Structures are given as C-alpha cells and as structure tokens.
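# Close look at the chain arrangement
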Amino acid sequence: MEVRVFPNARRPGVGVKPRRESQRPLLPQHARNCPVLEAGNALGFLIYPPLESHESFYIGYQGDGQYRFGYYVRPEGKDWQAIFSIGFVFPVGGTGKFREDVTFLPGAPEMSRELALHIAHSVVAHGDLGTPAGAVTLRGAWNFQTPPGWDTVYTPIFNAIERPVVPMMVVRVETDWYAHESEFRYVLQPGEGISVSHSMPIGQVLFVPREQVTLRECTESELEAVRRSQEEFAREKVSAEITTSYGLPYSPHYLRQSRSQSAATLLTPAASNTPEPARVGRNDPCPCGSGKKYKKCHGAAETRDAP
C-alpha cells in the first residue's frame, strides 16, 4: 500500500520527514525484549513540526480563553533567544472580537507583525484554539494522501509514557479525497503548555482501511483450534526461554515466529496484488455473520439482478 506525502503549505520543505521508530526514548532496557510493545511503537509514523533545527516555540493555555505563544531561535554557537510572543485572546462570554497581540522582545531582529503571525499560524492552527476549552492544535510538517478506501488516523505518540502526559483528541480523516493538513489537537489545563522543537515529534499517524467490520462468535471447532494453538505456543515459549545478562528471563519465541511468518509471506508468489474473493454458494451461510443464507442476505441483490 502506497501513501503519498506533501509538505505543509505555509512552510514547504521545512521539518523532519515522517518516520517509524520501534524504540521510544526513556523506555526501560527490558522493553527491547517485548516485541509486541515495539510493534505498537512502530504501528504509525512519527510526525514532526514544520521547524528548522534552530527554531522552537511554546504554546500555553492561561485560562479564560487566553493563550500565549512564544517563538525562539538559537543562532549558531549561542543560546536560545526569545524573538516574539503572541497573546491569543478570545472574548469573554463569546461576545467581542478575537485578538492577536504581538509583542517583539528586546534584542530581537527587526520583523513585521505579519511575518510573526505567519510563523505562528504555520505551526499552530489558531482557528482551532479553544475548541474545546484549552485545546491547542499543532500542525505537522508533512501531510498524507491515501489510496482509495483508506483513512488517516492522527494519534498521540504510542508508549510515550513519561510524565506529564497531555491528553489528545484522536482524529480520523478520509484522506483519499480530502487533502487534510496534519493536525494534532492537545487539550491543556490552565497553566499548562507544550514546548516544541525541530527534532521533537508532535504525534503520529497510522492508516486504516475504510471497511465495515462484523463480529461473530467462534464455532466449537474454531474455538478448539484456538485453544490448541494457545497450548502449543505456551509450550514453545517455555522451551525457548533464556535469561539476559542482567537477570531478566524472557522468551524470543514470538519474535522468531513473527519473522518466520513474514518471510513466508514475502516468498509466497502472488498472481496479482488483489486477492481473489472467496466463492460463496447461494445456500451457504452469508459471510457477514447474520445467520441467514447468502441468497437471503447479501446475495439478494444478485438474485434480483440475474437475467
């Protein structure tokens, strides 16, 4: 499956490209021995802000509809320098005018108010501030166009468990037809803020097919097969158990089996990229799990259209 990427329209080409990362900073060493944890980390692509390596910003929620944005640069060989700040102020009670108060800090290079607002709007979706109260939407450096029938899901960074953890609203967008710009909406409490830099991911995306999922209970024979599989896996896991140099016992059986399955899939020749659908007889149970015969359920349309 191929997903096309295109840059942030306000700052094209600025920022780190999306990438996968199975390891997360600050995870304990023994997390390396948990393949399902690393698979969860690598499920999506990390997204970075549209910033150069010498740029950073801070966005904070001050309560009562007031936000404070600060922009910083670090000249080569020098410390971080505050350039400007912007106060985003919403009218109290919903009546009045939304304000963007720009303040240039002492020693900052000469810059227009329009340029300062352009920089802020390039990294923060100011139109989403306060929806809901305390919400701050960070823009990504790269955006995605998925193939037909696939959506993009914008999530916080999985397994980044170090405190404090800011809650984020997960968004799912039909990016096969809608050219959505990557946005990650965090919700702050009064007094909280987020610091963002060039090499710090602001969230991650994953891609899911837009198809209906139906659930049905296993038959007795299927359930028996599942139990046999669980027992066999448990035996193999115990037999493969080893101990690390720092005394942690673990079993690499899952990882070995996963690699074996992946290799077998890659080596299996395929006649086409699209699997041939399973043939269902008119009197067979409908695959949707309704319990009806196919001809009385999803096959009814075929019966009506038949000559």
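Right, let's walk through the structure included here. Here the structure is a predicted model, which is why all the values come from computation and not from measurement.

## Focus on unusual backbone geometry
In this model, Thr 131 is joined to Pro 132 through a cis peptide bond whose omega is 0°. A positive phi angle, near 55°, is found at Asp 64, a position not held by glycine. Residue placement: Asp 64 occurs in the loop between strand S3 (55–63) and strand S4 (66–73). Despite not being glycine, Asn 159 shows a phi value in the positive range, around 60°. Relative to the assigned elements, Asn 159 resides in the loop between strand S9 (150–155) and strand S10 (168–169).

## Here we look at the sheet that holds S4
Here we have five strands laid out as an open sheet, ordered S6-S5-S4-S3-S13, and antiparallel in their pairing. Edge strands, defined here as strands with exactly one partner in the open sheet, are strand S6 (99–104) and strand S13 (193–197). Geometrically, the sheet is characterised by an average inter-axis angle of 15° between neighbouring strands, direction not taken into account. As defined by bridge partners, S3 adjoins S13 across five bridges and the pair is classed as antiparallel. When the bridges of S13 are listed, Phe 57 appears paired with Val 196.

## Notes on a nonpolar patch on the surface
On the surface, Val 36, Phe 233 and Tyr 254 cluster together into a nonpolar patch covering about 270 Å² of accessible area. Among the secondary structure elements, Tyr 254 is positioned in helix H4 (residues 253–267). A relative accessible area of 40% places Tyr 254 in the partly exposed class.

## Notes on the packing of aromatic side chains
Applying the stated criterion to the full structure yields twelve aromatic pairs. Pairing Phe 88 with Phe 98 gives two aromatic rings, centres 6.4 Å apart and planes at 5°, and the pair type is stacked. Linking Phe 88 in strand S5 (residues 81–89) with Phe 98 in the loop between S5 and S6, this pair joins segments that are ten residues apart in sequence. Centre to centre, the rings of Phe 144 and Phe 207 are 5.5 Å apart; their planes meet at 65°, and the pair counts as edge-to-face. With Phe 144 in strand S8 (residues 142–145) and Phe 207 in strand S14 (residues 203–209), the pair connects residues that are 63 residues apart, well separated along the chain. When its relative accessible area of 3% is taken as the criterion, Phe 144 is described as buried. On the basis of relative accessibility, which here comes to 17%, the residue Phe 207 falls in the buried class. An aromatic cluster of at least three residues, connected via ring pairs, comprises Phe 57, Phe 69, Tyr 71, Phe 84 and Phe 104.

## Looking at the pattern of salt bridges
In the structure shown here, the tally under the stated rule is twelve salt bridges. Across the salt bridge formed by Arg 99 and Asp 101, the nearest N and O atoms sit 3.1 Å from each other. The shortest N-O distance in the salt bridge between Asp 151 and Arg 172 comes to 2.9 Å. Of this pair, Asp 151 sits in strand S9 while Arg 172 is found in strand S11 (residues 171–173), placing the two residues 21 residues apart along the sequence. Given the relative accessible area of 2%, Asp 151 is considered buried.

## Comments concerning the sheet that holds S11
What the four strands build is an open sheet, ordered S2-S14-S9-S11; its pairing is antiparallel. Each of the sheet's edge strands pairs with one partner strand only, and the pair in question is strand S2 (45–47) and S11. Within this sheet the neighbouring strands show an average axis-to-axis angle of 30°, counted without direction. Where S2 lies against S14, three bridges are found, and the strand directions are antiparallel. Within S14, the position partnered with Leu 46 by the bridge is Gln 204.

Cut-offs applied
Throughout this description, residue numbers start from 1 for each chain and increase along the sequence as written. Under the rules for a predicted model, residues below a pLDDT of 70 receive no local features and side-chain atom pairs below 80 are neither given nor counted, while totals for whole chains, interfaces and linings still include all residues. No hydrogens and no water enter the side-chain calculation; it runs on all heavy atoms of the structure. Labels follow the DSSP assignment, with helices taken as runs of H or I lasting at least four residues and strands as runs of E lasting at least two, numbered in each case from the N terminus. Strand pairing follows a simple DSSP-based rule, namely that at least 2 bridges must link the two strands. Orientation is described by lines fitted to C-alpha atoms, with helices fitted over the stretch in contact, and by angles between N-to-C directions that extend from 0 to 180 degrees. Distance thresholds for patches are 9 Å for like charges and 5 Å for nonpolar side chains (Val, Leu, Ile, Met, Phe, Trp, Tyr), applied to residues having over 30% relative accessible area and no salt bridge. Residue-level accessible areas treat just the shown protein chains as cover; the underlying method is Shrake-Rupley with a 1.4 Å probe. For salt bridges, the criterion is a side-chain nitrogen of Lys or Arg within 4 Å of an Asp or Glu carboxyl oxygen. Only protein chains enter the accessibility calculation, which uses a 1.4 Å probe. A residue is then buried if its area is under 20% of the maximum for its type, exposed if over 50%, and partly exposed in between. For Phe, Tyr and Trp, rings pair up if their centres lie within 6.5 Å, where Trp contributes its six-membered ring, and each pair is then called stacked (planes under 30 degrees apart), edge-to-face (over 60) or tilted (otherwise).

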